[in-house]
Amino acid sequence: GIQVEQSPPDLILQEGANSTLRCNFSDSVNNLQWFHQNPWGQLINLFYIPSGTKQNGRLSATTVATERYSLLYISSSQTTDSGVYFCAVGFSGNTPLVFGKGTRLSVIA
Amino acid sequence: DAGVIQSPRHEVTEMGQEVTLRCKPISGHNSLFWYRQTMMRGLELLIYFNNNVPIDDSGMPEDRFSAKMPNASFSTLKIQPSEPRDSAVYFCASKWGGNSYEQYFGPGTRLTVT
């Protein structure tokens, strides 16, 4: 099956710093989503981005489908950004997502 | 929109008891997915439905697990009998049947089997 690898596994940032999270996947996909799992365990949709670039406030994401990777950028990090960031991919609209192991981010004040 | 609704949010039960988890997908969505999250295995699919029909249940761990979707507004995941290794967070997600493939997740049910 498809493999999804995320890096780095853990990241500690000082408040205000910028960071880049990476997601590599082993096969062509038609669905790619980034999620933030907050300390209460909820999975928050950040981006639906099978290709191209999107921005939402301090967060942006880029997926280069032909090279099978996606990047999540967090700028001016805040303590509320702490949590685990997951990348998940799927082959088509009605198939399930395959998740990476996540990047655990801790933002320190 | 209320989002995906799951109940209960927390469940603590004793080994051997029956557990039923419930999910109400977003109105108008026609695909529903059940995922499980554990420390050892991360997030993994258990089963998914399209238009209320089970499509792939290969992720269901064993016969103790069963899932139903009697209508477009409701799904259940049942574990009978429950075992301590079933302790996990169970997420339900739904997706619209149109051109967007984005899945939306419920808040999850944290199950503890003692």
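Refer to the structure printed above.
Conventions used here
Each chain carries its own residue numbering, running from 1 in the written order of its sequence. As they are written, the chains are lettered A onward and the ligands numbered 1 onward, keeping that order. Selection of residues for local features in this predicted model requires a pLDDT of at least 70, selection of side-chain atom pairs for listing and counting requires 80 or more, and totals for whole chains, interfaces and linings are taken over all residues. Think of the side-chain values as coming from all heavy atoms in the structure, minus any hydrogens and water. In this description a helix means any DSSP run of H or I spanning at least four residues, a strand means any run of E spanning at least two, and both kinds are numbered starting from the N terminus. Exposure categories follow from relative accessible area, calculated using a 1.4 Å probe and restricted to protein chains: below 20% of the type maximum is buried, above 50% is exposed, and the middle band is partly exposed. Only strands joined by at least two bridges in the DSSP assignment are considered to pair.

K.L.:
Even after reading the chapter, I still don't get unusual backbone geometry, so can you show me in this structure?
P.N.:
A negative phi angle characterises most non-glycine residues, just as the trans form characterises most peptide bonds. In this structure, the amide linkage connecting S7 of chain A to the following residue, P8 of chain A, adopts the cis form with an omega of -10 degrees. Within the secondary structure, P8 of chain A sits in the loop between β1 (4–7) and β2 (10–14). That bond from S7 of chain B to P8 of chain B is cis: its omega, -10 degrees, falls within 30 degrees of zero. Tracing the backbone shows P8 of chain B in the loop between β1 (5–7) and β2 (10–13). For R68 of chain A, which is not glycine, the phi dihedral falls at a positive 60 degrees. Take R68 of chain A: it is sitting in the loop between β7 (59–64) and β8 (69–74). Residue classification places R68 of chain A among the partly exposed positions, given a relative accessible area of 33%.

K.L.:
Just checking my understanding: could you explain the pairing of strand β11 (residues 109–113) of chain B for this structure?
P.N.:
Successive side chains on a regular strand alternate, one facing one side of the sheet and the next facing the other. All names here are of chain B. Every second residue of β11 is oriented toward a common face, the buried set being T109, L111 and V113 and the non-buried set R110 and T112. Both β2 and β11 contribute to a ladder of four bridges, which runs parallel. The residue of β11 that forms the bridge with T13 is V113. Inspection of the sheet shows strand β9 (residues 88–96) paired to β11 by three bridges, in the antiparallel sense. Among the inter-strand pairings, V89 is bridged to a residue of β11, identified as R110.

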